[in-house]
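Topology and contacts: notes
One-letter residues, chain by chain:
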Amino acid sequence: MEVLWYNWGMEFYDTHAHFGPKEDETEGALARATEAGVTRLMAVGGSAELNAAAVKAQAMRPDAVRLALGADRDQAALPPDETLADIRRLHADHACAAVGEIGLDFHFHYTPETSAAQCALFAAQLALADELSLPVVIHTREADDSTCGVLDEVPWHGASLRGVIHCYTGSPAFARKLLDRGFMVSFSGIVTFKSAEEVRASAKYVPDDRLLIETDSPYLAPVPMRGQANEPAFVVHTARFLADLRQVPVERLAAITFSNAVSLLG
Ligand SMILES: [Zn+2]
């Protein structure tokens, strides 16, 4: 693979990757990740299909792949008791590094009813993460106030609440609120997009000890891979871009984000 030589000696951690149902494609993506120096990654669920594919990816490479299982905002329209029972069963059956992805998205579907259902499912899984002593993987889009509202309502806030705000696209001011609540902040290939000035401001703002990187594959391939299906190997491009942005050597950016991810997710 073309990126081999210049990644020599570096290790990268893709903290957020989704997989599809085709096992040969997952196997290929995992092999290319290893070749590129992406020696660890987290396979993330969110729906029945994504959870099943993440479980398979983890079983293929238990040394390198960590697992997050949960119900994302798109599951909020389903009967909540069944959804929660499913997530609880999955966590009983599989050793997970986190509950996720969970959270709120008011960009695509917002009515008072859908937002209330999303907040309820989010809160219930925060409580589950507390019960299981696991970190959470949070998606938040155009829902800054509601995300903070739900986080602040959980009674154990400040004690065991920890996790990552994934694919961060918000302002530095919102990042401050999330950092104050103890979270790490993860940046995807979006930070490389031409129009993403505010995301770049946030990516400069987050301190070293809270910074993570991810692909959110198969979506959002970073520059210069835009237009292709994204995959964990491509997190290297985001790491290089962030290193330039933060004016540190890529070796340092890789080491910091790797060790942050290990401390949070194993
Ligand atoms: Zn995701």
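Here's what I pulled together on the structure shown here. Residue numbering note: each chain is counted from 1, following its sequence as written. Restriction of local features to residues with pLDDT of at least 70 applies here, the model being predicted, together with a cutoff of 80 or more for giving and counting side-chain atom pairs; totals for whole chains, interfaces and linings are based on all residues. Calculation of side-chain values draws on the structure's entire complement of heavy atoms; hydrogens and water are dropped beforehand.

Description of the overall build of the chain
The helix and strand tally for the chain stands at nine helices and eight strands. Its C-alpha atoms give the chain a radius of gyration of 17 Å, near enough to 18 Å, the size a compact globule of 266 residues would have. Summary of the burial criterion: residues with accessible area below 20% of their type's maximum are buried, those above 50% are exposed, and those between are partly exposed, where the area comes from a 1.4 Å probe applied to protein chains only. Expressed as a percentage of the 266 residues in the chain, the buried residues total 55%. Whether two residues are in contact is decided by their heavy atoms, any of which lying within 4.5 Å being enough. By sequence separation, contacts in the chain at least 24 residues apart represent 74% of the contacts at least 6 residues apart. Looking at the chain as shown, the accessible area adds up to about 11600 Å², and 54% of this sits on carbon and sulfur atoms. This count recognises Lys and Arg as positive and Asp and Glu as negative, with His and chain-terminal groups excluded. For the purpose of locating charges, the reference atoms are NZ of Lys, CZ of Arg, CG of Asp and CD of Glu. Each charge class in the chain was averaged separately, 22 positive and 36 negative side chains, and the resulting centres sit 5 Å apart. A run of H or I in DSSP counts as a helix once it spans at least four residues, and a run of E counts as a strand once it spans at least two, with each numbered from the N terminus. Based on C-alpha atoms, the radius of gyration is set beside the globule rule, defined as 2.2 Å times the residue count to the power 0.38. Using the Shrake-Rupley algorithm and a 1.4 Å probe, accessible areas are obtained, with residue cover drawn only from the displayed protein chains.

A word on the coordination of the zinc ion
Coordinating N, O and S atoms are those within 2.8 Å of the metal (3.2 Å for Na, K and Ca), and as water is not part of the atoms, a site may appear to have fewer donors than expected. In this structure, His16 (NE2), His18 (NE2), Glu101 (OE) and Asp216 (OD) serve as the protein donors to the zinc ion, at separations of 2.0 to 2.6 Å. What the four donor atoms of the zinc ion show is an angle range of 89 to 177° at the metal, which sorts the shape as irregular. The rule is simple: four donors are tetrahedral if all their angles sit between 85 and 135 degrees, four are square planar and six octahedral if opposite donors span more than 155 degrees and the others lie between 65 and 115, and anything that fits none of that is irregular.

Describing the side chain of serine 217
Relative to the elements of secondary structure, serine 217 occurs in the loop between strand S8 (211-213) and helix H8 (235-246). At 3.0 Å, the side chain of serine 217 forms a polar contact with the side chain of threonine 215. Dropping the residues within four chain positions of it, serine 217 is found in contact with Asp14, His16, Ala17, His18, Asn230, Glu231 and Pro232. Whenever two N or O atoms come within 3.5 Å, that pair is a polar contact, provided that in protein one can donate a hydrogen and the other can accept it, and provided that, for residues adjacent in sequence, both atoms are side-chain atoms.

Here we look at the packing of aromatic side chains
Here a Phe, Tyr or Trp ring, Trp counted by its six-membered ring, pairs with any other such ring whose centre lies within 6.5 Å, and the pair is stacked when the planes are under 30 degrees apart, edge-to-face when over 60, and tilted otherwise. Per the counting criterion, the structure on display carries four aromatic pairs. Taken together through their ring pairs, the aromatic side chains of Tyr168, Phe174 and Phe187 make up a single cluster. Charge-over-ring placement is defined geometrically: NZ (Lys) or CZ (Arg) within 6 Å of the ring centre, and within 35 degrees of the ring normal. The side chain of arginine 226 reaches across the aromatic face of phenylalanine 193, ending 3.6 Å from its centre.

Quick word on the pattern of salt bridges
Basic side-chain nitrogens of Lys or Arg form a salt bridge, by our definition, when they fall within 4 Å of a carboxyl oxygen of Asp or Glu. Taken as a whole and judged by the stated rule, the model has twelve salt bridges. Residues aspartate 180 and arginine 176 are paired through a salt bridge, measuring 2.9 Å at the closest nitrogen-oxygen approach. Here aspartate 180 and its partner arginine 176 are both found in helix H6 (residues 172-180), four residues apart, which amounts to about one turn of the helix. Assessed through its relative accessible area of 53%, aspartate 180 is described here as exposed. Given the relative accessible area of 34%, arginine 176 is considered partly exposed. The salt bridge partner of arginine 252 is aspartate 208, with a shortest N-O separation of 2.8 Å. Note that arginine 252 is positioned in helix H9 (residues 250-265) and aspartate 208 in the loop between helix H7 (197-205) and S8, a separation of 44 residues in sequence. Look at the salt bridges and you will find they share partners, linking Asp208, Arg246 and Arg252 into a network.

Here's the deal with the side chain of asparagine 260
With respect to the helices and strands, the residue asparagine 260 is situated in helix H9. Note on asparagine 260: relative accessible area 8%, which makes it buried. Contact partners of asparagine 260, with chain neighbours within four places excluded, come to Met184, Asp208, Asp209, Arg210, Leu211 and Leu212.

Thoughts on the sheet that holds strand S6 (residues 163-165)
In short, DSSP must find at least two bridges between two strands for them to pair. Taken together, eight strands build an open sheet; the order of strands is S1-S2-S3-S4-S5-S6-S7-S8 and the sheet is parallel. Two strands lie at the open edges of the sheet, namely strand S1 (12-17) and S8, each paired on one side alone. Neighbouring strand axes in the sheet, compared pairwise and without regard to direction, differ in orientation by 25° on average. Pairing of S6 with strand S7 (residues 184-187) involves two bridges; the strand directions are parallel. For valine 164, the partnering residue across the bridge sits in S7 and is methionine 184. Axis geometry follows a simple rule: fit a line to the C-alpha atoms, using only the stretch in contact for helices, then measure angles between N-to-C directions, giving values from 0 to 180 degrees.

Describing H6
Listing the buried residues of H6 in full gives Phe174, Ala175, Leu178 and Leu179. The buried residues of H6 occupy an angular sector of 140° when projected down its axis, which confines them to one face. The exposed set on the far side of H6, more than 90 degrees from its buried face, consists of Ala173 and Asp180. Looking one or two residues past H6, glycine 182 carries a phi angle of roughly 95°, positive in sign. Of all possible arcs, the one meant is that of the directions from the helix axis to the C-beta atoms.

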